[in-house]
Amino acid sequence: GLYLFFSRFTMPLYPATAQFEAEGELQKIKSLFFKVTKFVVAASLLIFFLLYTGAHSLMRAWMGEGFHQAAETLKILLFGYFVLSITIMPDAIMYGIGKARIISTEVLCRLGLQILLGLFLIPRKGIEGAALALSLSTVGVGIPFFILKSEYLGVRPRELIWKMMFLPVILGILAFLFFLRL
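The text that follows walks through the structure, step by step, so that each part is easy to find. As the structure is a computational prediction, the values presented were derived from the model and not from experiment.

### Comments concerning helix H8 (residues 127-152)
Under the 1.5 Å per step criterion, the end-to-end length of H8 is 37 Å for 26 residues, consistent within 8% with the ideal 38 Å. Roughly 25° is the biggest bend found in H8, and it falls at Gly142, with proline Pro144 one to four residues downstream. Buried within H8 are the following residues: Gly129, Ala131, Ala133, Ser135, Ser137, Thr138, Val141, Gly142, Phe145, Phe146, Lys149 and Ser150. Two residues or fewer after H8 comes Gly154, characterised by a positive phi angle close to 85°.

Set out below in structure tokens:
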């Protein structure tokens, strides 16, 4: 649900990125990529921390006292959610510039890995194994493809970490600590 929430913000970017790409304005695409992704990383990190630390309380309030396993499953799924949320902007740009094949390849790789991991983990860990298969496949495929898409846009890994991850992570942690004090 939260992934869909963030993805709605990227829909207006499709025509803009298509126009920038047609005009050869790759620097504008790169700038847009940084601006939006920094916001998404900070917001996603805050949501991740809030849900992770409040998983047991949330499940108890929502479903009742006997749903301890649901909270653990939610915690496992949150890692995949975070990685999936940071891929929103590069995906929007790839769609906008006509490179949907990269996203299709990523989805197929993620699905294949999820099925293989699920076949191994579900019989051993049950519902938590299914959540683990989903998160591991999302993280294991999502991060390399995020870097690949970023490099395609001319963003070097060092620049990616410093400009997009460092400051939003610090802001996300500070916002989380602020909410803990409320």
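### Things to note about a nonpolar patch on the surface
A grouping of Leu108, Leu111, Ile115, Leu116 and Leu119 is seen on the molecular surface, where their side chains present a nonpolar patch of about 540 Å² in accessible area. For Leu111, the location among the structural elements is in helix H7 (residues 100-125). The class for Leu111 is partly exposed, based on a relative accessible area of 44%.

### Let's talk about H7
Look at H7: 35 Å from first C-alpha to last across 26 residues, which is about the 38 Å you get at 1.5 Å a residue. Gly118 marks where H7 bends most, by close to 35°. Those residues of H7 that sit buried are Ile102, Ile103, Glu106, Arg110, Gly118 and Leu121. As for H7, its buried residues are in contact with helix H5 (68-86), helix H6 (88-96) and H8. With its phi angle positive at about 65°, Gly126 sits one or two positions after the end of H7.

### Structural notes on the packing of helix H4 (residues 55-63) against H5
Following both chains from N to C, one finds H4 and H5 inclined at 130°, their axes separated by 8 Å at the closest point. Between H4 and H5, the angle is such that the two are oblique. The hand of the H4/H5 crossing is right-handed. Contacts from Ala55, His56, Leu58, Met59 and Met63 of H4 reach H5 at His68, Ala70, Ala71, Glu72, Leu74 and Lys75.

### Section: the side chain of Ser135
As for its position among the elements, Ser135 is in helix H8. When its relative accessible area of 5% is taken as the criterion, Ser135 is described as buried. Setting aside residues up to four positions removed in sequence, Ser135 forms contacts with Ile76, Leu77, Phe79 and Gly80.

Calculation criteria
- Residues numbered from 1 in each chain as written.
- Predicted model: local features only at pLDDT ≥ 70, side-chain atom pairs only at ≥ 80, totals over all residues.
- Heavy atoms only, no water.
- Helix = DSSP H or I, 4+ residues; strand = E, 2+ residues; numbered from the N terminus.
- Expected span 1.5 Å × (residues − 1).
- Bend = angle between axes of the 7 residues up to and from the residue.
- Buried < 20%, exposed > 50% of the residue type's maximum accessible area, 1.4 Å probe, protein only.
- Patch = residues over 30% accessible without salt bridge, like charges linked within 9 Å, V, L, I, M, F, W, Y side chains within 5 Å.
- Areas by Shrake-Rupley, 256 points an atom, 1.4 Å probe, with all protein chains shown as cover.
- Salt bridge = Lys/Arg side-chain N within 4 Å of Asp/Glu carboxyl O.
- Contact = heavy atoms within 4.5 Å.
- Axes fitted to C-alpha atoms, helices over the stretch in contact; angles between N-to-C directions.
- Parallel < 35°, antiparallel > 145°, perpendicular 65-115°, else oblique.
- Left-handed = near helix turned anticlockwise from the far one by under 90°.

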